[in-house]
Amino acid sequence: VQLQASGGGLVQAGGSLRLSCAASGPTFSTYVMGWFRQAPGQAREFVASIRWSGSNTVYADSVKGRFTISRDSAKKMVYLHMSSLKPEDTALYYCAMRGTMASGVWTDPYDYGYWGQGTLVTVSS
């Protein structure tokens with residue numbers, strides 16, 4: 001499995017940005033796709049997740065109501081639509097995948113076995 005994240009950039013506070021993650025390899029409907037972010041000097045943190053089936057979307061409290069995760073299973077693409085961006089959203093954003101048939105919610109980076117490279121999002125005040 002390979003994941004390729006893209007779409008980062010510089011945006012003013014209050015603006016919007018859409019991140020994309022292209023997946024190659026097996027992507028069964030129960031597998032979980034996640035977005036994480038890591039700011040300088042900070043631990044990697046969970047942002048949002050979705051199953052390839054489109055079910056079970058989960059969001060971190062810090063992004064609820066502002067970010068939306070979606071997927072196009074036919075294209076093997078996962079998106080993170082980010083709006084009302086704040087300077088504290090500045091970070092390197094990663095997409096990740098957990099291959100699982102089990103139900104549940106996974107928000108720990110160690111739950112995910114496949115990672116893409118990061119894409120940098122910078123929000124200016």
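Provided above is the structure to which this section pertains.
Residues numbered from 1 in each chain as written. Predicted model: local features only at pLDDT ≥ 70, side-chain atom pairs only at ≥ 80, totals over all residues. Heavy atoms only, no water.

(A) Inspection of the overall build of the protein chain at higher detail. Along the protein chain, the regular secondary structure elements total zero helices and 11 strands. Traced from its N-terminal end to its C-terminal end, the protein chain shows the element sequence β-β-β-β-β-β-β-β-β-β-β. The C-alpha radius of gyration of the protein chain comes to 13 Å, within 12% of the 14 Å expected for a compact globule of 125 residues. Projected onto its principal axes, the C-alpha positions of the protein chain cover 40 × 25 × 25 Å. Classification of the 125 residues of the protein chain by burial places 41% in the buried group. Residue pairs at least 24 apart in sequence account for 58% of intrachain contacts in the protein chain once pairs closer than 6 positions are excluded. (Helix = DSSP H or I, 4+ residues; strand = E, 2+ residues; numbered from the N terminus. Rg over C-alpha atoms; globule rule 2.2 N^0.38 Å. Buried < 20%, exposed > 50% of the residue type's maximum accessible area, 1.4 Å probe, protein only. Contact = heavy atoms within 4.5 Å.)

(B) Representation of the environment of alanine 39. The residue alanine 39 is located in the loop between strand S4 (32-38) and strand S5 (45-51) in this model. By relative accessible area, alanine 39 is classed as buried at 17%. Separated by 74 residues in the primary sequence, alanine 39 and glycine 113 have C-alpha atoms spaced 21 Å apart. Alanine 39 has contacts with Thr90 and Ala91, leaving out every residue within four places of it along the chain.

(C) Up close: the environment of alanine 102. With respect to the secondary-structure elements, alanine 102 resides in the loop between strand S9 (91-98) and strand S10 (114-115). What makes alanine 102 partly exposed here is its relative accessible area of 39%. With 71 residues separating them in the primary sequence, alanine 102 and tyrosine 31 have C-alpha atoms 8.8 Å apart.

(D) Summary view of empty space enclosed by the protein. Throughout the structure, instances matching the rule amount to one cavity of 30 Å³ or more. Estimates place the volume of the largest cavity at around 40 Å³. Surrounding the largest cavity, Val32, Ser49, Arg51, Asn56, Val58, Gly104, Val105 and Trp106 form its lining. Across the lining of the largest cavity, the residue classes break down as four nonpolar, three polar and one charged. (1 Å grid on protein atoms, 1.4 Å probe; cavity = no way out; pocket = protein on both sides within 12 Å on 5 of 7 lines; lining within 4 Å. Points joined across faces, edges and corners; volume = space filled by probe spheres on them. Nonpolar A, V, L, I, M, F, W, Y, C, P; charged D, E, K, R; others polar.)

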